[in-house]
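Notes for the structure review
Spelled out from the first residue to the last, the chains are:
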Amino acid sequence: MNTQEIMDLDKEYVMHTYGRQPIALQKGKGAVVWDVEGKSYIDCVAGIAVNNVGHAHPKVVEAICKQAKNLIHTSNLYYIENQAVLARKLAEVSPHNKAFFCNSGAEANEGAIKLARKYTGKGEIITMKNSFHGRTITTLTATGQVKYQKGFGPMTPGFKYVPYCNVNAVADAITDETAAVLVEPVQGEGGVIVPPEGYLKELKKVCHEKDVLLIFDEVQTGFGRTGQMFASQTFDVTPDITSLAKAIAGGFPMGAVLAGKEVGETFQPGDHAATFGGSPLACAAANASINTIIEENLPEKSRENGAYFKNKLETLKSKHDIIKEVRGVGLMIGVEMNFECGSLVDEMRENGIIANCTAGNVLRFVPPLVISKEQIDTVVSVLDEVLGDH
Ligand SMILES: *Cc1c(COP(=O)(O)O)cnc(C)c1O
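Residues numbered from 1 in each chain as written. Predicted model: local features only at pLDDT ≥ 70, side-chain atom pairs only at ≥ 80, totals over all residues. Heavy atoms only, no water.

Points about the packing of aromatic side chains
The full count for this structure, using the stated rule, is four aromatic pairs. On the numbers, 5.5 Å between centres and 70 degrees between planes, the contact of Phe132 with Tyr148 is edge-to-face. One end of the pair, Phe132, is in the loop between β5 (124–128) and α6 (137–142); the other, Tyr148, is in helix α7 (residues 146–149), and 16 residues separate them in sequence. As far as the burial class goes, Phe132 and Tyr148 line up, both buried. (Phe/Tyr/Trp six-rings, centres within 6.5 Å; stacked < 30°, edge-to-face > 60°. Helix = DSSP H or I, 4+ residues; strand = E, 2+ residues; numbered from the N terminus. Buried < 20%, exposed > 50% of the residue type's maximum accessible area, 1.4 Å probe, protein only.)

Pasting the structure below:
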């Protein structure tokens, strides 16, 4: 099918929940993707911070094919070797040592919230304004942006919102009924907001003093994105619970809740479950993907090439005053414009770069961590060119 035929079919039969770009991608390799018309693009979206190891990575492809030939799914009624091995791997690379597996970011946050409520015996969760935690009713409630919640009430009880990057507001909001504070170490959908030095450390201190759990939503920041395997390591702050998804299995759908031994042992048989969670196939993809991130030093590449990218974008900022701010950490970069950036995304796409606009006026760059300096140079020169016309 050509692009138009696919678009027509979609329009007829798929619920209209997405504001899609008018292309259909057919294949990928590393940080490059091709559409059904054969046009190539440098990918600065990576399936929204998912394809950290790049497209069609041979190790991930091989692991998926090999596992699919044996068993795709068995259910958690039985032991799953790949799942146990993956849990041990996550214990090695994260600050935690117990894992629960599910299928998405929203589900990981749901699990994290249930775990915090069960462990503390309390109901209240504090989250940040401008945050994003998912689209199920409870994670939508946790999401501190009214625009996403409108029309879907009643929301889940027990949530309170405070401004991001304000520790005093959190301290004031904590009561005897507070179970946990849920926070993105870097806000993603909210516009790539990097907290100031010390914020997460102080947040941890306040939570610790008041006996409240700290939950990091690392769904977007995980797996090398911010220059270390996890943002908790980039910012040197250990949370009590971490939720993961997006890049965990190289593009295969998976989520996870991680916690230390004490909190992690709260769940008893029957407390929580997911039919597909931690399936043999998902775990094969995750093991191969995490091994690749380690073997290819992708967190270090993210740090180095992220700094290189940000530097080049700073140079652009000094040239184009329509750029308000360049910010980010590792290969999670936002360029805030002083105008809505939808048209910029179109112009970049027409020139062979796919990027994404979030929070209205922030161009977000979250490419595969395997992107090269040459590819970054191309992205920046295309952006320079299209900005010249504004
Ligand atoms: C994408 C995202 C989610 C939701 O993940 P889904 O897999 O779409 O449910 C939650 N939290 C953060 C920080 C995200 O970036």
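Section: the sheet that holds strand β7 (residues 178–183)
Two pairing modes exist for strands in a sheet, parallel and antiparallel, and in both the strands are linked by backbone hydrogen bonds. Pairing within the open sheet is mixed, and its seven strands lie in the order β4-β10-β9-β8-β7-β5-β6. The sheet terminates laterally at β4 (98–102) and β6 (159–162), the two strands that pair on one side only. Looking at each pair of strands side by side, their axes are set apart by 20 degrees on average, direction ignored. The strands that helix α4 (residues 81–93) touches are β4, β9 (241–244) and β10 (255–259); relative to β4, the one it contacts most, it runs at about 125 degrees. Its contacts with the sheet place helix α9 (residues 199–209) against β5, β7 and β8 (213–217), and it is angled at close to 145 degrees to β8. (Pairing = 2+ DSSP bridges. Axes fitted to C-alpha atoms, helices over the stretch in contact; angles between N-to-C directions. Contact = heavy atoms within 4.5 Å.)

Overview of the domain arrangement of the protein
According to the domain assignment, the protein contains domain 1 (3–53 + 297–387) and domain 2 (58–295). For domain 1 and domain 2, the distance between their C-alpha centroids amounts to 25 Å. Facing 29 residues of domain 1, the contacting portion of domain 2 comprises 31 residues. When the two sides are added together, the surface that domain 1 and domain 2 hide from each other amounts to roughly 2,200 Å², 59% of it contributed by carbon and sulfur. Ranking the residues of domain 1 by area buried against domain 2 places Val53, Val329 and Met332 at the top, with a combined share of 27%. Counting across the interface, domain 1 meets domain 2 through one salt bridge. Arg364 is the partner of Glu189 in a salt bridge, and the nearest nitrogen-oxygen pair spans 3.0 Å. (Domains from an automatic or database assignment. Buried area = accessible area lost by both parts, 1.4 Å probe. Salt bridge = Lys/Arg side-chain N within 4 Å of Asp/Glu carboxyl O.)

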